[in-house]
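# Understanding the architecture of this molecule
Listed here are the chains, written in short residue letters.
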Amino acid sequence: MTAPSRTGGQILVDQLTLHGVDHIFCVPGESYLAALDALHDANITITVCRQEGGAAMMAEAYGKLTGRPGICFVTRGPGATNASPGIHIAKQDSTPMILFVGQIERGMREREAFQELDYRAAFGPLAKWATEVDDPARFPEIVSRAFHVATSGRPGPVVIALPEDVLTEMATVADAPRYQVIETHPGPAQMAELQKLLHGAKKPVALLGGSRWSEDAVQRFVRFAERFELPVACTFRRQMLFPADHASYIGDLGLGVNPKLLARIKEADLVLLVGGRLSEIPSQAYTLLDIPAPKQTLVHIHPDSSELGRVYAPHLAINASPTAFAAALEGVHPPASLPWSEGKKAAHDSYLAWSDPGEIKHPGALQMGQVMRHLREVMPTDTIFCNGAGNFATWVHRFWPFRQYGTQLAPTSGSMGYGVPAAVGAKRLRPDSPVVVFAGDGDFLMNGQEFATAVQYDLPILVVLLDNGMYGTIRMHQEREYPGRVSATMLQNPDFAAYARAFGGYGERVEMTEDFAPALQRALTSGKPAILHCILDPEAITPSMSLSAIREKALAEKN
Ligand SMILES: Cc1ncc(C[n+]2csc(CCOP(=O)(O)OP(=O)(O)O)c2C)c(N)n1
Ligand SMILES: [Mg+2]
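As annotated in an unreviewed UniProt entry, the protein carries the name Thiamine pyrophosphate-binding protein and comes from Microvirga splendida. What the UniProt record of the protein gives under Sequence similarities (unreviewed entry) is the line "Belongs to the TPP enzyme family."

Rendered as structure tokens:
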């Protein structure tokens, strides 16, 4: 039987359907009308967004939560460049994602036609693969390859440009088979070597990071940690990879890290690095392990062979996905005695003390320690926390105990403006889970427009917006490096509660600690997307040090 003749747009959308795509995020453009038309009759849900940065971040969050490529459609030129932060996030976070971009007609190339851009050149270094389709008959091949590239090895973003006339041209071609995720398994000899190394260790520690995890893989790793009484830390913004309330959990390698955790890793004799790259932030600017040869015995497990030996030369390198590695751990048996179990207890106790918000006091009438304490009491463990970049994020990272896989959406690339779109993406996917955004006054307005998308699709996300009237993180760095010389970091802010209401959501201003709990209750019961506009004293720049104290310390050091 011969295949029917279809438009390029129809062939493309048919490929998406057969690869299991159930949701796309987009901002429309006249450059890809034929694809939009094919989507009209497809069994694919569409989220229409307000800016391509938001759409791309939603797709990235979708990829992070499902392990399947998040799909985003944007128009050519400015649509594509607007989407670029989402591509960069997917790259640094190893998230599978495919961005489809409209493109000028083939016959107009190289004239700098309206919104023309060379996507291979513009996105080549940013994406895992960037290409352009020249012939509608090649959609099955190219889209299939895109799904394989996005999900295999170290996952990442793919960019595919769609010339307008390729989308409207008819072609007769058979569909591709559904893609498969390519697994990389550890060999039995490697697992035997790992067991030997663990049996010889005195102070081992595990560090978990990267992508290609699953709920099941996390549970398997938990069981392994229990058999070995192994202390386990998570890398920057990967806290959902190990339950914080487990006796083996010892904290995360983020910004403003527990110094005792760093000391423990430095003193370890064996480091089991699973899935992560231990890049600049978790490695504390590449100071945690020696480069290239760490003094600890390093066992590095990564799904991409080119990451093994890239920065750190491992004692034992295992090219495997965390899911496959976690499965293989079931066959690794502990030694008769575990000399490190007392140390693990001390490390867990240190984490508990470090992450206890109860005693935290800082300047101002709204005390964030108390706010976090209340959230810990009332929000369920399946609450998905989303944030972008700024000092405000410390409150979540340090004081919220992540206990479940799939509950943390935060960019390791430190991209501001991620929280709101990530929350919209998450709530579209998981309508039954509470979704909370932590945002700063600077961070929020980078993609705050997607609050309109939350309203449009009736997604009751909750934004805890911490307003300190400045780009506080940069001000903090200024006070450290150039004390007293405040430059380009102050902000004059709108009434964010009124902003929420103007969009059709729920908004409330919170100025005092005791007002937070009832305001939270009202926001949650409103059933609407909500913003709690929390007024934070600018002095409360970190949980432990005020802005003035940072300035005074820097001045004293200069003199
Ligand atoms: C897209 C982007 N632009 C700029 C920066 C640099 N940057 C990092 S944190 C920050 C300030 C964040 O301000 P705010 O959201 O108000 O949080 P605060 O630090 O005040 O808590 C800036 C400008 C960044 N990380 N990402
Ligand atoms: Mg701020």
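After presenting the structure, the write-up continues.
## Brief notes about the site of ligand 1
Among the 17 residues in the neighbourhood of ligand 1, the closest are listed as G414, D441, D443, G472 and T473. One of the backbone N or O atoms of D443 is found 2.7 Å from an oxygen atom in ligand 1. In the model, an oxygen atom of ligand 1 is placed 2.6 Å from a nitrogen or oxygen of the T473 side chain. In the complex, the protein chains occlude 76% of the 590 Å² of accessible area that ligand 1 would expose alone. The element contributing the most residues to the shell around ligand 1 is helix 16 (residues 441-447), with four residues.

## Thoughts on the pairing of strand 19 (residues 506-510)
Burial analysis of strand 19 places four of its five residues in the buried class, which makes it a mostly covered element. As judged from the five bridges shared by strand 19 and strand 20 (residues 530-535), these two strands associate in the parallel manner. Of the residues in strand 20, the one forming a bridge with V510 is C534.

## With respect to the side chain of T407
Tracing the sequence through the fold places T407 in the loop between helix 14 (393-399) and strand 16 (408-409). Not counting the four nearest positions on each side in its chain, T407 is found in contact with M240, T381, D382, T383, I384, F385 and F402.

## Considerations on the coordination of the magnesium ion (ligand 2)
Around the magnesium ion (ligand 2), the protein contributes the donor atoms D441 (OD), N468 (OD1) and M470 (O), which lie 2.0 to 2.2 Å from the metal centre. Read from N- to C-terminus, the donor residues coordinating the magnesium ion (ligand 2) fall into the pattern D-x26-N-x1-M. Here N468 and M470 have matching classes, each one buried.

## Considerations on helix 9 (residues 215-228)
Its 14 residues place the ends of helix 9 20 Å apart at the C-alpha level, agreeing with the 20 Å of an ideal helix rising 1.5 Å per residue. The inward-facing, buried residues of helix 9 abut helix 8 (188-200), strand 9 (204-208), strand 10 (232-235), strand 12 (270-274) and helix 11 (322-328). Backbone geometry just after helix 9 places E229 at a positive phi near 45°.

## Some remarks on the sheet that holds strand 3 (residues 45-48)
The six strands lie next to each other as 3-2-4-5-7-6, forming an open sheet whose pairing is parallel. Every other strand in the sheet has two partners, leaving strand 3 and strand 6 (129-132) as the edge strands with one partner each. This sheet shows a mean twist of 20° between the axes of neighbouring strands, independent of strand direction. The sheet contact formed by strand 4 (residues 70-74) and strand 5 (residues 97-103) spans five bridges and is parallel. Along strand 5, the bridge assignment pairs F73 with F100.

Definitions and limits used
- Residues numbered from 1 in each chain as written.
- Chains lettered and ligands numbered in written order.
- Predicted model: local features only at pLDDT ≥ 70, side-chain atom pairs only at ≥ 80, totals over all residues.
- Heavy atoms only, no water.
- UniProt positions renumbered as here; feature names shortened; annotations may be inferred.
- Near = heavy atom within 4 Å.
- Polar contact = N/O pair within 3.5 Å; in protein donor to acceptor, adjacent residues only side chain to side chain.
- Areas by Shrake-Rupley, 256 points an atom, 1.4 Å probe, with all protein chains shown as cover.
- Helix = DSSP H or I, 4+ residues; strand = E, 2+ residues; numbered from the N terminus.
- Buried < 20%, exposed > 50% of the residue type's maximum accessible area, 1.4 Å probe, protein only.
- Pairing = 2+ DSSP bridges.
- Contact = heavy atoms within 4.5 Å.
- Donors = N, O, S within 2.8 Å, 3.2 Å for Na, K, Ca; no water.
- Expected span 1.5 Å × (residues − 1).
- Axes fitted to C-alpha atoms, helices over the stretch in contact; angles between N-to-C directions.

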